[in-house]
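Letter by letter, the chains look like this.
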Amino acid sequence: MSADSVSMRSLLQMQLRWPLKGRRLRLRLAPAGWGFLGLIACGFLLSINFSNNLIFAMTFLLVAIALVGWWFTRANVAGLIAADWRVEPVFAGQQAVCRLEVENRGGQDRYGVRVGARGLPPAGEARLAANGRAELALRRPAPARGRLPHLAATIRSAFPLGLFEARLPVGDLPAILVYPAPRGEQPLPELQANRNAHQWREAGSYTDMRRYAPGDPLSRISWKALARFDELYTKEFDGAQGQAALWLRWSDVRAAGVEDTLSQLCRWVLDAHRQGREYGLELPGTVLPPAAEEQHLRRCLETLALYGTEEREGA
Amino acid sequence: MNESRHWVLLTLVMAALPSFIRLPWWVAVIGLAGGLLQYAGTWRRGWYGRAAGLVLLAAAVAGIWFSFESWFAGDAVLSFFITVVFLKWGEARTRRDFLLLIFAAVILAAVGALSFESLLNLLHMLAVVFALTLSLIAIHMEGGKPLFLVRRAGLLVVLGLPLMLLLFLTFPRIPGPLWDIGLAFGLPIKALMDRTPGDHGKATALQPGGVQLAKQENNNVLVAEFEGAVPFKSRLYWRGPVFWDYDGENWTLPDDWNDRGRLLKGSIRSKAQLDRILHTRDTPVRYTLRVMPNGGRWLYGLDVPAAPAPESMISEDLQLLSIRRIDDFEPKLQMLSYLDYSAGDRLSPEQRARALAWPENTNPRLLALGRQLAGEHRDAGEIVHQVYTTLAAGGYRFEQAHIVEPGANLLDRFFFDEKRGGVEYLAGATAMLMRAAGIPARLVSGYRGGTIIALTNFVIVKQADAHAWVEIWQDGQGWSRVEALDIVAPPPEEKSAAAKPKETPQPATVVEMKQEGQAAEQPREAKREPKAKAPAPRPDKGWTLPDWASVFGSMQKWVINYNPDRQMELLKGVGLPDSNWADLLIGGVAGVLGVLSLYGAVAWRRSRKAMDRVARSWAGFCRRMAKQGVAKTAQECPRDFLARIRRERPELTSAAEDIVGRYIDIRYGGNHDPGAAQLFRRQIERFLSMT
């Protein structure tokens, strides 16, 4: 009883959600469809002009096939369920790959399904098996640093005839962060910072003990504590002095324009990170103190990507 | 793209096959050579590949030059089209190229259907459309397997067939060349047609074969818009020149036929004058007449005009004539005509002599037959009946294209030896037979029938409707029409798209003639029947096979001759007697939507079935558990539900554990195996039967 009502309610919601959110499946004529329409018009003219029943029959068969094809195209996309978009930031000049997992809960296979958005090159087609799921990818070119805006996206398919294209709106493509393209010949500026990097991972003097968290190195586990409390504890140390931290400064870059300067800084950030060094970033108006984590790298790159854009947006 | 090109080739070859067989052999050779270039790979894209294409094209042009009389003959254009399409296939690489090609293939098949019309051609068309569907799917799908493509295309075509049938039956038909429609709605006739010097009606002599010549022209003569329903086509006689004089070979007009003074003198200018002449008149018809400039005076009024219109007169032979020559203007007249009439006040002795004149020493056999008839029968009506009987029973055939060898005793040879020929022989022989029997007769030329533009009251008369008929004089009744053609080749069944037959009493003479005509037809039918049955005998095989040849034959006739009249008949059969084209259209659209939603419903059910069976069984299990005292709440997950069952009804635990476990596995564990779902449902059924 209750299961029945639940499934009925969810079905009702599914039916209601479509028109309300403007997420309705739409079909439009593909270019081949316009050609087919022209063909049908030609057939009509020929058949009427010569009062030829055979050509009438042929023309009507073409119309009938287009109508059945319309229905098939519709059924091929209807009821697909999409998850959220996943996308990684990219460097300028690269293509952002937006991924969308689509689930086919219907009992029929779906063919030639792809994702698309206005102004983007067509993506590859995928086949969705019955009750299966597949990841569809859409490449979005990122020509310049900054933030690519939201973009309405749809699941599309022209299967089987290619005369109609069904479009099922899914969530918008997310805004994509585009880092400056790493460019520039200048080597890393050496030893500009006043202090050295701090490497927490290295041993030093014992500072504290905390509960074990997955990922902690086995060598740090306190086996004595395990023996006593039957629980895992991790020992912590104050770290070691590593290589000297770097200051990556705007003023140190010898480049012509803002973009080239940012590209050089981006290059430095990546190099410094690859070398595992601690570095700080100093831009006019923004200073990021030296650090070495993944998160720091992202923060630095984001700062570079968005440098100047806020003011521009503000103005 | 690489796999799909073979499907495109298949479509092309299939579409061009009938044309290949019909056209000169070089078309197929050049076409296939051009097609082979597709397989030449990169070689094709070099200059030599392009040169090869050009050479083939030049060869096609040369072939057309040598094989056809004119560059623009239908077959020449078709040959060129085919070679160009195949050369294009040779160089096609992109999706758009291939799409263009398969669309061209369909046009090619359609043009091929213009030259043959048979059921075989319909099957060919179906095959081409199937290939088109297949190619469309292949072009738009990467790496489709052949079997998959064939099944998909087959499904599309099979599902499309009912829709096609529906549309075919209900789509309102507009017959005739499309430019006729423009004509009907006010485009000037001469803007559409060149003036032809050899207007049939303007000729001063009617020669053997003349009507056939006129019929080959497809030019328009006049357009008439009727007020109210259009009468039956077979009753529309557009009266042109009237011939009295026969010289043994040709019917001629007198030398002064075009003399304006003589015409005016003899003309009937007032309605009162006309009324005196018309003895009986019935079935009035009002129409607007527009005549194409023909360089003469003929206005081709519908037989018989009731009153002259402005700028026109009615000659003593009851023709509608223009006072001015119709050179470069298009007369437009409001007319009233009587379809049934007999007219004529009196016949002057000289007119009687002309209408009975027999050229010396010609056609002796016809003369003898006429005299014999005159000896056997007194009454003119009986003689006419006798002539009809002779025509009906004598095995005459109407063949417009057949030309009787010109020379002496032409009509004798036609009437007694060849027994087939065009309407001018038939009418001429009838007229002369009447004269031989002592009945004054004359020949009238003009047009009969026309093309009704569907859904309108317009009739377009073309040169192809040229006709000749006979009028005989009976004292006290005047001139009345004798139509020999309807006896030899009965007119198509009298039906008209817009007409409701008028129940008006017809003049006695006409009624009499018609009945005689029908009576005379019957013996002919009876005589023909055994002939038709002759090739039928078959060995009896215990159970009789349906005669496929006859089934296909009648289906073929039915499909190819389907027309607006049959459409209306069909609707009447369904129980909608008064339907018009709007009803047809609405019915067709409703039918198409109905079929489409039926398809949708079936597809929906099929896609739901696999999913919902599990849910339905699960709901059944939950209901039974509720009866057992453990009702599942909406927010309870299956595992918690199972835990509650274990606590509250421990005796059901083992069964419930199995079911809930399977349910979780199917619904949440990603087990899409249909076997698992089936087992799950069986377990629930067992559970339900146990508790």
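Just so it is clear, the model here is predicted, and its values are computed rather than measured.

A.B. asks: Explain the overall build of chain B here, please?
C.D. replies: Of regular secondary structure, chain B possesses 25 helices and 16 strands. Looking at chain B as a whole, 36% of its 691 residues qualify as buried. Within chain B, counting contacts between residues at least 6 apart in sequence, those at least 24 apart form 75% of the total.

A.B. asks: Explain the interface of chain B and chain A to me, please; I cannot follow it from the model alone.
C.D. replies: Listed per partner, the contact involves 57 residues of chain B and 48 residues of chain A. For the side of chain B that touches chain A, the secondary-structure elements that each account for two or more residues are α5 (95-115), α6 (119-139), α7 (146-170), α20 (548-560) and α22 (581-627) of chain B. Residue classes in the side of chain B that touches chain A are distributed as 41 nonpolar, nine polar and seven charged.

A.B. asks: Whenever I open this one, unusual backbone geometry confuses me. Can you help?
C.D. replies: Glycine aside, residues mostly have negative phi angles, and peptide bonds mostly take the trans form. Cis geometry is found at the peptide bond from F159 of chain A to P160 of chain A, where omega equals 0°. Counting through the fold element by element, P160 of chain A comes out in the loop between β9 (151-157) and β10 (164-173). In this structure, the amide linkage connecting D303 of chain B to the following residue, V304 of chain B, adopts the cis form with an omega of -5°. Of note in the backbone geometry, N361 of chain B takes a positive phi value of approximately 55° without being a glycine.

A.B. asks: Would you mind showing me how to read the sheet that holds β10 of chain A here?
C.D. replies: Strand pairs in the sheet, formed through backbone hydrogen bonds, run parallel or antiparallel to each other. All names here are of chain A. Taken together, five strands build an open sheet; the order of strands is β1-β10-β9-β5-β6 and the sheet is antiparallel. Edge positions in the sheet fall to β1 (26-29) and β6 (126-128), since each has one partner strand and no second. Sheet twist, expressed as the average angle between the axes of neighbouring strands with direction ignored, equals 40°. As defined by bridge partners, β9 adjoins β10 across six bridges and the pair is classed as antiparallel. For L151, the partnering residue across the bridge sits in β10 and is L173. With respect to the sheet, helix α3 (residues 53-77) is in contact with β1, β5 (110-117), β9 and β10, its orientation differing from that of β10 by roughly 25°.

A.B. asks: Help me understand the packing of helix α2 (residues 31-50) of chain A against α3 of chain A in this model?
C.D. replies: The description of two helices packed together rests on the angle between their axes and the distance between the axes. All names here are of chain A. Between α2 and α3, the least distance of the axes is 8 Å, while the angle of their chain directions is 155°. Taken together, the axis directions place α2 and α3 in an arrangement best described as roughly antiparallel. Every pair of crossing elements has a handedness; the one defined by α2 and α3 is left-handed. Along its contact with α2, which presents F36, L39, I40, G43, F44, L46 and S47, the element α3 presents I55, F56, M58, T59, L62, V63 and A66. Each residue belonging to the contact of α2 with α3 can be placed in one class, and the counts come to 11 nonpolar, three polar and no charged.

What counts, and where the lines are drawn
- Residues numbered from 1 in each chain as written.
- Chains lettered and ligands numbered in written order.
- Predicted model: local features only at pLDDT ≥ 70, side-chain atom pairs only at ≥ 80, totals over all residues.
- Helix = DSSP H or I, 4+ residues; strand = E, 2+ residues; numbered from the N terminus.
- Buried ≥ 20, exposed ≤ 12 C-beta atoms within 10 Å, placed from the backbone.
- Contact = placed C-beta atoms within 7 Å.
- Nonpolar A, V, L, I, M, F, W, Y, C, P; charged D, E, K, R; others polar.
- Pairing = 2+ DSSP bridges.
- Axes fitted to C-alpha atoms, helices over the stretch in contact; angles between N-to-C directions.
- Parallel < 35°, antiparallel > 145°, perpendicular 65-115°, else oblique.
- Left-handed = near helix turned anticlockwise from the far one by under 90°.

Shape is all these values report; function is a separate question.
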